[in-house]
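Summary of structural features
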Amino acid sequence: MIPNNRGTAMTEWTILGAGALGCVMAGLLRGRGEPVSLLLSERHRGHLHPSLDLITLAGRHQLVHTRPLFAEQAGQIRRLLVLTKAYQVVPALQALRGLPNETPIILLHNGLGVAEQVLALYPQNPLIVGVSSHGAMKEGPWLVRHTGRGETWLGPANPAANAHAGLADALAGALGQIRWSPDIARLQHRKLAINAVINPLTACHRIRNGQLLEPRFNAVLAQLSEEVHQVMAALGEQEPLEDFRRRLHKVIELTATNYSSMHQDLAHGRPTEIDYITGYVLKHAGHLPVPVCRQLYNEVKKLGG
Ligand code: KPL
């Protein structure tokens, strides 16, 4: 607990994942006076911990000071926000030694299929999962830009998490729109469906999200959205196809100038989250025909993702 200038104790947030979204969240929390520590990887050991430079939505530079923390100090963690890529979550959590059993773990990554592995790793900890549409872009080492104020939903992945619904309110001052939903799986499926259309298409064609609305993509967009929708329906989602397509178009329009996270990953030679997005759709397709999904999955893999 860290005392603030009002004399009350504030619980520190620990952020795992110093990528674009992790740094933006650190900045937003520090901007509201919340104490924040940043879990750093081995390559940062022995180096001076620099301040983050956050470019706010208004275009102002904000210097963000956080407390550096390494894996062996996990015993100090009281609230853990995991903002790594989906494929980094489990290895990063495995490296933590002595994470207290009562520390809530909050996962905010694209795709699905990770929470089950975390539950096996930390069966006692309250596990919260969520989706967020805040936009963030890394512009250099320790330099990040907040590109869009989105909304965030959190919900329980195990019964122990229900006692921590108040964390959504605790984050609201910094993140803006944030809500707790007992039915978070539905919202995760809805976000995954959007990512399963936009991300592999923009990554393979090396285009901005908005270019998907060009007539040359009409046919593939129609087929891919139908394939993804069918699999989501098989998983119990009840959103009609036309509603899904309307929602998809809205997200494409709202993020028209963005490069999707998968496009950015491929462009920077990083692994992608394809296994947790399109891979999740393929895994749950069963006998449903999903040829465009499969083709995009193979293409992203071929491109190094
Ligand atoms: O979540 C996104 C991503 O890029 O991962 C979208 C919504 C597609 C915005 O770019």
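Definitions and cut-offs
- Residues numbered from 1 in each chain as written.
- Predicted model: local features only at pLDDT ≥ 70, side-chain atom pairs only at ≥ 80, totals over all residues.
- Heavy atoms only, no water.
- Domains from an automatic or database assignment.
- Contact = heavy atoms within 4.5 Å.
- Buried area = accessible area lost by both parts, 1.4 Å probe.
- Salt bridge = Lys/Arg side-chain N within 4 Å of Asp/Glu carboxyl O.
- Pairing = 2+ DSSP bridges.
- Helix = DSSP H or I, 4+ residues; strand = E, 2+ residues; numbered from the N terminus.
- Axes fitted to C-alpha atoms, helices over the stretch in contact; angles between N-to-C directions.
- Near = heavy atom within 4 Å.
- Polar contact = N/O pair within 3.5 Å; in protein donor to acceptor, adjacent residues only side chain to side chain.
- Areas by Shrake-Rupley, 256 points an atom, 1.4 Å probe, with all protein chains shown as cover.

Examining the domain arrangement of the protein chain
What the domain assignment reports for the protein chain is domain 1 (13-182) and domain 2 (186-302). A straight line from the C-alpha centre of domain 1 to that of domain 2 covers 25 Å. With 16 residues of domain 1 in contact, the opposing surface of domain 2 contributes 16 residues. For domain 1, the biggest contributors to the area lost against domain 2 are Tyr 87, Asn 110 and Leu 112; these three give 46% of the whole. Counting across the domain 1 and domain 2 interface gives one salt bridge.

Things to note about the sheet that holds strand β9 (residues 105-107)
Strand order in the open sheet made by the eight strands is β7-β4-β3-β8-β9-β10-β13-β14, with mixed pairing throughout. This sheet does not close on itself; its edge strands, each paired only once, are β7 (67-69) and β14 (178-180). Within the sheet, the average angular offset between the axes of one strand and its neighbour, ignoring direction, is 25°. Pairing analysis gives five bridges linking strand β10 (residues 127-132) to strand β13 (residues 152-156), with the strands arranged antiparallel. Bridged to Val 131 within β13 is Trp 153. Helix α2 (residues 86-94) rests against β3 (13-16), β8 (80-82) and β9 of the sheet, and its axis sits at about 145° to β8. Here helix α4 (residues 166-175) sits on the sheet and contacts β3, β8, β9, β10, β13 and β14; the angle it forms with β14, its principal contact strand, is near 170°.

Focus on the sheet that holds strand β11 (residues 135-140)
The strands that make up a sheet are held in pairs by hydrogen bonds between backbone atoms, and each pair lies either parallel or antiparallel. Spatially, four strands are ordered β6-β5-β12-β11 in an open sheet, and the strand pairing comes out mixed. On the outer flanks of this sheet lie β6 (61-64) and β11, each paired with one strand and no other. Across the sheet, the axes of successive neighbouring strands diverge by a mean angle of 30°, strand direction being ignored. Pairing of strand β5 (residues 52-55) with strand β12 (residues 143-148), which is carried by three bridges, proceeds in the parallel orientation.

Quick look at the site of the ligand
Residues in close proximity to the ligand include Asn 110, Lys 191, Asn 195, Ile 198, Asn 199, Asn 209, Val 251, Ser 260 and Ser 261, which together make up its full environment. Contact distances for the ligand include 2.5 Å between an oxygen atom and a side-chain N or O atom of Ser 261. When the ligand sits alone it has 280 Å² of accessible area, and the protein chains cover 84% of it. Considering each element in turn, the shell around the ligand owes the most residues, four residues, to helix α5 (residues 184-205).

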